[in-house]
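Commentary on secondary and tertiary structure
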Amino acid sequence: MKTNGGRLGIRALEVVAAQRWRRMAQKKYLQAKLTQFLREDRIQLWKPPYTDENKEVGLALKDLAKKYSDKLDCCENEVEKIIEEIRCKAIERGTGNENYKTTGIATIEVFLPPRLRKDRKNLLETRLHITGGELRSKIAETFGFQENYIKIVINKKQLQLGKALEEQGVTHNVKAMVLELKQSEEDARKNFQVEEEEQNEAELKEKRIQRTKRGLEILAERGEMVDSESTPYLDIANQTGRSIQIPPAERKALTLAMGYHEKGRAFLKRKEYGIALPCLLDADKYFCQCCRELLDTVDNYAVLQLDIVWCYFRLEQLECLDDAEKKLDLAQKCFKNCYGENHQRLVHIKGNCGKEKVLFLRLYLLQGIRNYHSGNGEEAREYLNKARQLFKELHIDPSKVHNLLQLGFTAQEARLGLRACDGNVDHAATHIANRREELAQIRREEKEKKRRRLENINSLKGMGYSTHAAKQALQQASGNLDAALKILLSNPQMWWLNDSNAETNNHQERPSQKNIDQLVYMGFDTAAAEAALRVFRGNLQLAAQTLAHNGGSLPTDLQLAAEDSPSTPTTSPSDSAGTSSASTDDDMETEAINEILEDIPEHEEDYLDSTLEDEEIIIAEYLSYVENIKSATKEN
């Protein structure tokens, strides 16, 4: 009985949520259409005859509601109610603008989580010199949140608590979205949850977000030449799975962007949209630090734009995303640049484009939703029908997936293989097997390349060069060891400036007399020998190579460094610090990294795999909305 009652309760909640969503979507459509009509007819609702001298509603508004309700074949009372809301918002905005001009007090429109949303607008007045933390406190106090368990998103960026609002681009009439990490105490009681458990859950979510940031920063700092067998790091590969070389300046930004995106996608899969959105917005921030040419040649940036708009949609906060249309257009443009016109470049690289059609289904669906919410019924219908057609093409017979599972393939491989092969089971099996072998071969080749790079780094380190210098020289030399050595000999300052322990360079002991004598025996001047050994911290081989390469003297910049170096050793108090705190830091770093790696999918095409269950429901819902518009138009 309890189980049945629980299921019935869940179904009832789902029905209520669906009904609320339908009402909200239809209301947004009506608001958008009425706003269009008002603009076309150049009607200013805040002026007479629609508003009197006391800012109360005028009699003419009823006639306007009658006119537009006939045009839309809608309930006159409903139309009048929405027009009155538009009028009140216009007056509030005008009053706020005047107030801002005279007092400097800005108005912020606050968008609350769905459970707290009401028909009326949520406005908050504030000065812009306060910090993000102070604004968060105000929002928490005004709307009944616990301050530490909410995040604020403004202008598609997470609000920074320590910075002033004006420094973060917050302006008058800006929109602020509240992401909730913890439900209210009232809701906790309704759901029979203990407050302490709820609070712990929120704290865990916040810690997960902080660990995500720390783990990604660590992985991004690690170069591609570490030993991947013992030290995890993030690799960047092309559409075939092969590693690609990227300039160091952009590599870190791209690594962080892709890492945050993968973490955000992991939260999306778990339907934790409130935690996913900050990760996705951080990914967008780092992608914007990469050059335009790079973003136009990979599909990651396009997929991210879809994920951001999807996340706003699932949070029922599309109105907070003023540039949803721009993001979707950008995604479409990036797909075209990356895949080629009619996907010919994609077909050339992969042999098919069946799997990537999932991305276009999501794109068309979101374009349909955005157009519907903007009052563009015909455009919405067109995009939704395109999405429905793609869904029919991509829908997979469960029995075919079962057949491939019986052959030892995973469900993910089965879905991707069947979509790549237009649903043919035999072709899909061959495709999956070939792809497995191809990836295994690529991994073997990449492993060998990494092994050779590590050998070259160790060879240069054996000559006395630092890891940083070795990596930099090998990169400039495209991996050629002899060329890298010539670069280092021609630029000895690379060793000095890029050493990981550069801070110790100014605290050197006087070189040993034995090493000085050896360099003098080789024919070098005593002063030059001592200076070279001091700069290279007693490394005889490097000192000799540099002096020989430069005609018996140090380059000018290294001579100055040698003059600045004291001849007596200096020890830092921190050198003898205990290992306990270091061990704890290592454990925390390992935990942060492991949490990142857990959410990075093993399959390189994971982002193309979807059951399309959510998409199927949403396509049907929105098509029913636009069909209602069509029916009403025909009746007119």
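Keep in mind it's a predicted model, so treat the numbers as computed, not measured.

1. Points about the overall build of the protein chain
When you go through the protein chain residue by residue, the secondary structure sums to 26 helices and 5 strands. Looking at the protein chain residue by residue over its 636 residues, the buried ones come to 45%. Put simply, of all contacts in the protein chain between residues at least 6 apart along the chain, 66% involve residues at least 24 apart. Total accessible area on the protein chain is roughly 33300 Å²; 49% of this is exposed by carbon and sulfur atoms.

2. Description of the pattern of salt bridges
A complete count under the given rule lists 28 salt bridges for this structure. Across the pair Lys-62 and Glu-80 runs a salt bridge, and its minimum N-O distance is 3.2 Å. Of this pair, Lys-62 sits in helix H2 (residues 60-72) while Glu-80 sits in helix H3 (residues 76-103), and the two are 18 residues apart along the sequence. We classify Lys-62 as partly exposed; its relative accessible area is 47%.

3. Looking at helix H17 (residues 425-462)
With 38 residues, H17 extends 55 Å between its outermost C-alpha atoms, agreeing within 8% with the 56 Å of an ideal straight helix rising 1.5 Å per residue. Gly-464 occupies a position one or two residues after H17 and carries a positive phi of about 110°.

4. Examining the environment of Cys-311
In this structure, Cys-311 sits in helix H10 (residues 300-314). We classify Cys-311 as buried; its relative accessible area is 0%. Measuring from C-alpha to C-alpha, the distance between Cys-311 and Leu-277 comes to 6.4 Å, with 34 residues separating the pair along the chain. Beyond its immediate stretch of four places on either side in the chain, Cys-311 contacts Leu-268, Tyr-273, Ala-276, Leu-277 and Leu-280.

5. Some thoughts on the packing of aromatic side chains
One pass over the structure, following the stated rule, counts 14 aromatic pairs. Seen from their ring centres, Trp-310 and Phe-313 are 5.7 Å apart, and the 50° between their planes marks the pair as tilted. A residue pair is termed a helical-turn pair when its members lie 3 or 4 positions apart in one helix, as Trp-310 and Phe-313 do in helix H10 at 3 residues. Looking at Phe-313, the relative accessible area reads 3%, which means it is buried. Following the ring pairs from residue to residue traces out a cluster consisting of Tyr-29, Trp-310, Phe-313, Tyr-372, Tyr-622 and Tyr-625. Geometry around Trp-310 places Arg-362 over its ring, the cationic atom sitting 3.8 Å from the centre. Note that Lys-386 overlies the ring of Tyr-364, its terminal NZ or CZ placed 4.3 Å from the centroid.

6. Describing the sheet that holds strand S4 (residues 157-158)
With mixed pairing, the 5 strands of this open sheet are ordered in space as S2-S1-S5-S3-S4. In the strand order of this sheet, the two ends are held by strand S2 (123-126) and S4, each with one partner. Bridging between strand S1 (residues 106-111) and S2 involves 4 bridges; their strand directions are antiparallel. Bridge pairing in S2 links Glu-109 to Leu-123.

7. Quick word on the packing of helix H18 (residues 467-476) against helix H19 (residues 481-490)
Two elements in contact, H18 and H19, have axes whose closest approach is 8 Å; the angle formed by their N-to-C orientations is 115°. Judged by the sense of rotation from one axis to the other, the crossing of H18 with H19 is right-handed. Packed against H18, whose contacting residues are Ala-469, Ala-473, Leu-474 and Gln-476, the element H19 presents Leu-481, Ala-484, Ile-487 and Leu-488 at the interface.

8. Notes on helix H13 (residues 357-373)
Relative to the 24 Å expected for 17 residues at 1.5 Å per residue, H13 spans 24 Å between its end C-alpha atoms, a close match to the ideal helical length. With respect to burial, H13 is a largely interior element, 16 of its 17 residues being buried. Looking one or two places after H13, you find Gly-375, whose phi comes out positive at around 85°.

9. Some thoughts on the nonpolar core
Among the nonpolar cores identified, the biggest contains 79 residues, and Leu-277, Tyr-312, Phe-335, Tyr-372 and Tyr-622 are the most heavily contacted of them. Ranked by residue count, the leading element in this core is H10, at 11 residues. Formed by 28 residues, the second largest nonpolar core is a distinct cluster that contains Leu-460, Ala-469, Leu-474 and Ala-543.

10. What to know about the confidence of the model for the protein chain
Predicted confidence across the protein chain gives a mean pLDDT of 79, with 76% of residues reaching 70 or more. A low-confidence stretch, residues 1-13 stays under pLDDT 50, and its non-local contacts, those more than four residues away or across chains, total 0 contacts.

11. Observations regarding unusual backbone geometry
A cis amide bond links Pro-48 to the next residue, Pro-49, at an omega of 10°. Here Pro-49 is to be found in the loop between helix H1 (2-40) and H2. The residue Asn-155 is not glycine, and still its phi comes out positive at about 55°. Summarising the element assignment, Asn-155 is placed in the loop between strand S3 (150-154) and S4.

12. Comments concerning the side chain of Asp-284
Relative to the elements of secondary structure, Asp-284 occurs in helix H8 (residues 273-287). A relative accessible area of 12% means that Asp-284 is categorised as buried. For Asp-284, the residues in contact, after removing those within four places along its chain, are Tyr-301, Leu-304, Gln-305, Ile-308 and Lys-327.

13. Regarding the packing of H10 against H13
H13 packs onto H10 with a crossing angle of 45° between their chain directions and a minimal axis gap of 10 Å. Between H10 and H13, the angle falls in the class oblique. As H10 runs across H13, the sense of the crossing is left-handed. Facing Val-303, Leu-306, Asp-307, Val-309, Trp-310 and Phe-313 of H10, the residues of H13 in contact are Leu-359, Arg-362, Leu-363, Leu-365, Leu-366 and Ile-369.

14. Examining the environment of Glu-378
Along the chain, Glu-378 falls in helix H14 (residues 377-394). A relative accessible area of 55% means that Glu-378 is categorised as exposed.

15. Quick word on the pairing of S1
With 6 of its 6 residues buried, S1 lies for the most part within the structure. Of the two faces of S1, both are covered, the one formed by Ala-106, Ile-108 and Val-110 as well as the one formed by Thr-107, Glu-109 and Phe-111. Looking at chain direction, S1 and strand S5 (residues 175-180) are connected through 3 bridges and run parallel. Paired with Glu-109 across the two strands is Lys-175, which belongs to S5.

16. Structural notes on the state of the cysteines
Any covalent bond linking the sulfur atoms of two cysteines counts as a disulfide. Under the counting rule described, the total for this entry stands at 0 disulfides. Cys-288 carries a free sulfur, and the closest cysteine sulfur to it, the one in Cys-290, is 8.7 Å from it. No disulfide involves Cys-338; its nearest neighbouring cysteine sulfur is the one of Cys-334, lying 8.4 Å away.

How each quantity is defined
- Within every chain, residues take consecutive numbers counted from 1 along the sequence as written.
- Only residues with pLDDT of at least 70 are given local features in this predicted model, and only at 80 or more are side-chain atom pairs given and counted; all residues enter the totals for whole chains, interfaces and linings.
- Heavy atoms from the whole structure form the basis of all side-chain values; hydrogens and water molecules are not counted.
- Each helix is a run of DSSP H or I of at least 4 residues and each strand a run of E of at least 2, with the numbering of both proceeding from the N terminus.
- Each residue is assigned to one of three classes by its accessible area relative to the maximum for its type, calculated with a 1.4 Å probe on protein chains only: buried under 20%, partly exposed between the two thresholds, exposed over 50%.
- What makes two residues a contact is simply this: any of their non-hydrogen atoms within 4.5 Å.
- Calculation of accessible area relied on Shrake-Rupley with a 1.4 Å probe; when residues are assessed, cover is drawn exclusively from the protein chains displayed.
- The salt bridge criterion pairs a side-chain nitrogen of Lys or Arg with a carboxyl oxygen of Asp or Glu, the two atoms within 4 Å.
- Expected helix span is taken as 1.5 Å per residue step, with the number of steps being one fewer than the number of residues.
- Here the aromatic set is Phe, Tyr and Trp, taking the six-membered ring for Trp, and pairing holds for ring centres within 6.5 Å; pairs whose planes are under 30 degrees apart are stacked, those over 60 apart are edge-to-face, and all others are tilted.
- Two conditions define a charge sitting above a ring: the NZ of Lys or the CZ of Arg must be within 6 Å of the ring centre, and it must be within 35 degrees of the ring normal.
- Strands are labelled as partners when DSSP assigns at least two bridges between them.
- Every axis in this analysis is a line fitted to C-alpha atoms, fitted for helices over the stretch in contact. Angles between the N-to-C directions lie between 0 and 180 degrees.
- Handedness of a helix crossing follows the sense of rotation of the near helix relative to the far helix, less than a right angle counterclockwise being left-handed and clockwise being right-handed.
- Remark: nonpolar core denotes a set of buried residues (Ala, Val, Leu, Ile, Met, Phe, Trp, Tyr, Cys) joined through side-chain atoms within 4.5 Å.
- One confidence number per residue, pLDDT, is output by the predictor and ranges from 0 to 100.
- Small angles under 35 degrees read as roughly parallel and large ones over 145 as roughly antiparallel, with 65 to 115 read as roughly perpendicular and the rest as oblique.
- Defined by distance alone, a disulfide is two cysteine sulfur atoms within 2.5 Å.

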